[in-house]
Amino acid sequence: MTTPSDLSSAASTAFEPASPGLLRSVFRRHAAGVAVITARGDHGPVGFTATSLTSVSAEPPLLSFGIGTGASSWPALSRTGHLGVHLLGEHQEELAATFARSGADRFAAPTSWRDGPEGVPLLDGVLARLVCRVVARVPAGDHRIVIAELVLGDHTGPGRPLLYHQGRFNALRD
């Protein structure tokens, strides 16, 4: 049985106080799939790379992701009714980097995309893509957790998933 003095001793040798840096350091060790979220903004399409995509519910089919309120895509995502979710393949590291880069023209060539249902910008050549209806935006510190319901989807893209780990894009190993 763990006693309070055991926890105190462990805290002084292995633990550090909570901080944004600690959270970032811990989650750098957590491998995550890479997705690009897109939406239609007032001045054209917007999008960003996300590693926080999570399945929330099967019935109804819901997913979530986080976005910083200071992100360039947030104003459009704060108002849109529909968005696109794209799961990237290991061959799309440059696409992931483009949508993660601040100030980049994310939809310029060589990005291949088209307008999809509900006006959602859809990327070509991805592992899977979804058109979703936004059902909630939940405040969470300096972010918002967006909850969206799957409306349409395509999971027939070729390849294996792109992963993010230790601050780098990676592929699965066999």
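Preceding block: the structure.
Residues numbered from 1 in each chain as written. Predicted model: local features only at pLDDT ≥ 70, side-chain atom pairs only at ≥ 80, totals over all residues. Heavy atoms only, no water.

Colleague: Please explain the nonpolar core as it appears in this structure.
Modeller: Note on soluble globular proteins: their nonpolar side chains tend to be buried together. Membership of the largest hydrophobic core comes to 17 residues, with the highest contact counts inside it found for Ile37, Phe48, Phe65, Ile67, Leu77, Leu83 and Val146. Elements that contribute at least two residues to this core include exactly β2 (35–41), β3 (44–50), β5 (62–68), α3 (74–77), β6 (82–87), β9 (128–140) and β10 (143–154). Those residues in contact with Ile37 that lie beyond four places of it in its chain are Val46, Gly47, Phe48, Ala50, Phe65, Leu77, Leu83, Gly84 and Val85. Counting residues in hydrophobic clusters, the runner-up holds 11 residues, among them Val34, Leu88, Leu123 and Leu162. (Core = buried A, V, L, I, M, F, W, Y, C linked by side-chain atoms within 4.5 Å. Buried < 20%, exposed > 50% of the residue type's maximum accessible area, 1.4 Å probe, protein only. Helix = DSSP H or I, 4+ residues; strand = E, 2+ residues; numbered from the N terminus. Contact = heavy atoms within 4.5 Å.)

Colleague: How should the side chain of Thr80 be read in this particular structure?
Modeller: Note on placement: Thr80 falls in the loop between α3 and β6. By relative accessible area, which is 13% here, Thr80 ends up buried. Apart from residues no more than four positions distant in its own chain, Thr80 is found in contact with Ala39, Arg40, Val134 and Arg137.

Colleague: Even after reading the chapter, I still don't get the pattern of salt bridges, so can you show me in this structure?
Modeller: Enumeration according to the criterion identifies 8 salt bridges in this entry. For Arg101, the salt bridge identified is with Glu94, shortest N-O distance 3.4 Å. Judged by its relative accessible area of 52%, Glu94 is exposed. (Salt bridge = Lys/Arg side-chain N within 4 Å of Asp/Glu carboxyl O.)

Colleague: I tried to follow the side chain of Thr49 on my own but got confused; where do I start?
Modeller: Locating Thr49 in the fold gives a position in strand β3. The exposure class assigned to Thr49 is buried, which follows from its relative accessible area of 18%. Engagement of the side chain of Thr49 in a polar contact is seen with the backbone oxygen of Ala96, the distance being 2.6 Å. Here Ala100 takes part through its backbone nitrogen, which lies 3.2 Å from a polar atom of the side chain of Thr49. Those residues within four positions of Thr49 in sequence are excluded, and the remaining contacts are Val34, Ala35, Val36, Ala96, Phe99 and Ala100. (Polar contact = N/O pair within 3.5 Å; in protein donor to acceptor, adjacent residues only side chain to side chain.)

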